[in-house]
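# Structural description and commentary
The primary structure of each chain is shown beneath.
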Amino acid sequence: MRTLSCFIVEDSPVIRDNLIETLEEMVPVRVCGTAESESDALDALRRQSPRPDLVIIDIFLKAGSGLGVLQQARQHRYGRHLVVLSNYATPEMRRRCAELGADRVFDKSSELEELIGYCETLGA
């Protein structure tokens, strides 16, 4: 299993730190960067070399929106796989994220095991 490089866009330090710890402990993931706002995420992703294997994006950020990050990341190929991880994973939001280029959408409160499984599949 190969180690995936991962960039995380999440404005909550507690959630971000727990997510990093969980992913790096449970699956072969190395977090190569983080951002808390849309503009910081896009600036950092533009400079990432090589591009991360996986970008995990929250929808609601300190400034801007994860939807903007998702759209630009897909358009400019800032990551090989784009995943949304949100507490707001309603059917409508899942549809909208898919239209903007999300490979998958996971609910923070109930689908973390599915996210881990997805990462395992990518690394296989």
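You'll find the structure just up there.
Quick caveat: nothing in here was measured; it's all calculated off a predicted structure.

## A look at the overall build of the chain
- Each helix and strand counted, the chain has 5 helices and 5 strands in total.
- For the chain, the sequential pattern of α-helices and β-strands runs β-α-β-α-β-α-β-α-β-α.
- Since a compact globule built from 124 residues should have a radius of gyration of about 14 Å, the 13 Å found for the chain is in line with a globular shape.
- Taken along the three principal axes of its C-alpha coordinates, the chain extends 35 × 30 × 25 Å.
- By residue count, 51% of the 124 residues in the chain fall in the buried class.
- Across the chain, the fraction of contacts at a sequence separation of at least 24, relative to all contacts at a separation of at least 6, is 67%.

## Quick notes on the sheet that holds strand E1 (residues 4–9)
- Reading across the sheet, the 5 strands line up as E2-E1-E3-E4-E5 and stay open at both edges, with parallel pairing between neighbours. In this open sheet, the two strands that pair with only one neighbour each are strand E2 (29–35) and strand E5 (104–107). Averaged over all neighbouring strand pairs, the angle between strand axes comes to 25°, with direction disregarded.
- Note that E1 and E2 share 6 bridges and pair parallel. By the bridge assignment for E2, isoleucine 8 is matched with threonine 34.
- Set on the sheet, helix H2 (residues 38–47) makes contact with E1, E2 and strand E3 (54–57); between it and E1 the angle comes to about 155°.

## Side note on the packing of helix H1 (residues 13–26) against helix H5 (residues 112–123)
- With their axes 11 Å apart at the nearest point, H1 and H5 run at an angle of 45° to one another. By the angle between their axes, H1 is oblique relative to H5. Where H1 crosses over H5, the handedness of that crossing is right-handed. Each of Leu19, Thr22, Leu23 and Met26 in H1 lies in contact with H5, whose residues at this interface are Leu115, Ile116, Cys119 and Glu120.
- Broken down by class, the residue content of the contact of H1 with H5 amounts to 6 nonpolar, 1 polar and 1 charged.

## Some details on the pairing of E1
- With respect to burial, E1 is a largely interior element, 6 of its 6 residues being buried.
- Side chains of E1 alternate between two faces, with Leu4, Cys6 and Ile8 and Ser5, Phe7 and Val9 buried alike.
- In this fold, E1 hands off to H1, which returns the chain to E2; that crossover is right-handed.
- Two elements, E1 and E3, share 4 bridges in a ladder whose sense is parallel.

## Here's the deal with the nonpolar core
- With 23 residues, the main nonpolar core has Phe7, Val9, Val55, Val69, Leu70, Val84 and Cys97 as its most contacted residues.
- Within the residue set of this core, elements represented by two or more residues are E1, H2, E3, helix H3 (66–76), strand E4 (81–86) and helix H4 (91–100).
- Those residues within four positions of valine 55 in sequence are excluded, and the remaining contacts are Phe7, Val9, Leu45, Tyr78, Gly79, His81, Leu82 and Val83.
- One finds Leu19, Leu23, Leu54 and Ile56 within the second-largest nonpolar core, a separate group that totals 19 residues.

## A closer look at the state of the cysteines
- For the structure shown, the criterion picks out 0 disulfides.
- No disulfide involves cysteine 6; its nearest neighbouring cysteine sulfur is the one of cysteine 119, lying 6.4 Å away.
- We note that cysteine 97 lacks a disulfide partner, and the nearest cysteine sulfur, in cysteine 6, lies 16 Å from it.
- We classify cysteine 97 as buried; its relative accessible area is 0%.

Rules and cut-offs
- Residues take numbers from 1 onward in each chain, read along the sequence in its written order.
- Given that this is a predicted model, residues contribute local features only at a pLDDT of at least 70 and side-chain atom pairs are listed and counted only at 80 or more, while totals for whole chains, interfaces and linings are drawn from all residues.
- Think of the side-chain values as coming from all heavy atoms in the structure, minus any hydrogens and water.
- A run of H or I in DSSP becomes a helix once it reaches four residues, and a run of E becomes a strand once it reaches two; helices and strands are each numbered from the N terminus.
- For this measure, only C-alpha atoms enter the radius of gyration; the expected value for a globule follows 2.2 Å times N^0.38, where N is the number of residues.
- Only protein chains enter the calculation, and the probe is 1.4 Å; a residue is then buried if its accessible area is under 20% of its type maximum, exposed if over 50%, and partly exposed in between.
- Between two residues, a contact is recorded if the distance between any of their heavy atoms is within 4.5 Å.
- Pairing between strands is defined by DSSP: at least two bridges between the two strands are required.
- To define axes, lines are fitted to C-alpha atoms, for helices over the stretch in contact only, and angles between the resulting N-to-C directions are given on a 0 to 180 degree scale.
- Here is the rule for angles: anything less than 35 degrees is roughly parallel, anything more than 145 is roughly antiparallel, 65 through 115 is roughly perpendicular, and the remaining ranges are oblique.
- Note: crossing handedness is left-handed where the near helix turns anticlockwise from the far helix by less than a right angle, and right-handed where it turns clockwise.
- Throughout, the ten residues Ala, Val, Leu, Ile, Met, Phe, Trp, Tyr, Cys and Pro are labelled nonpolar, Asp, Glu, Lys and Arg are labelled charged, and all others, Gly among them, are labelled polar.
- A clockwise course of the path from the first strand over the helix to the second, judged with the strands pointing away from the viewer, identifies a crossover as right-handed.
- We call a set of buried residues a nonpolar core when its members are Ala, Val, Leu, Ile, Met, Phe, Trp, Tyr or Cys and they connect through side-chain atoms within 4.5 Å of each other.
- Put simply, a disulfide is two cysteine sulfurs that come within 2.5 Å.

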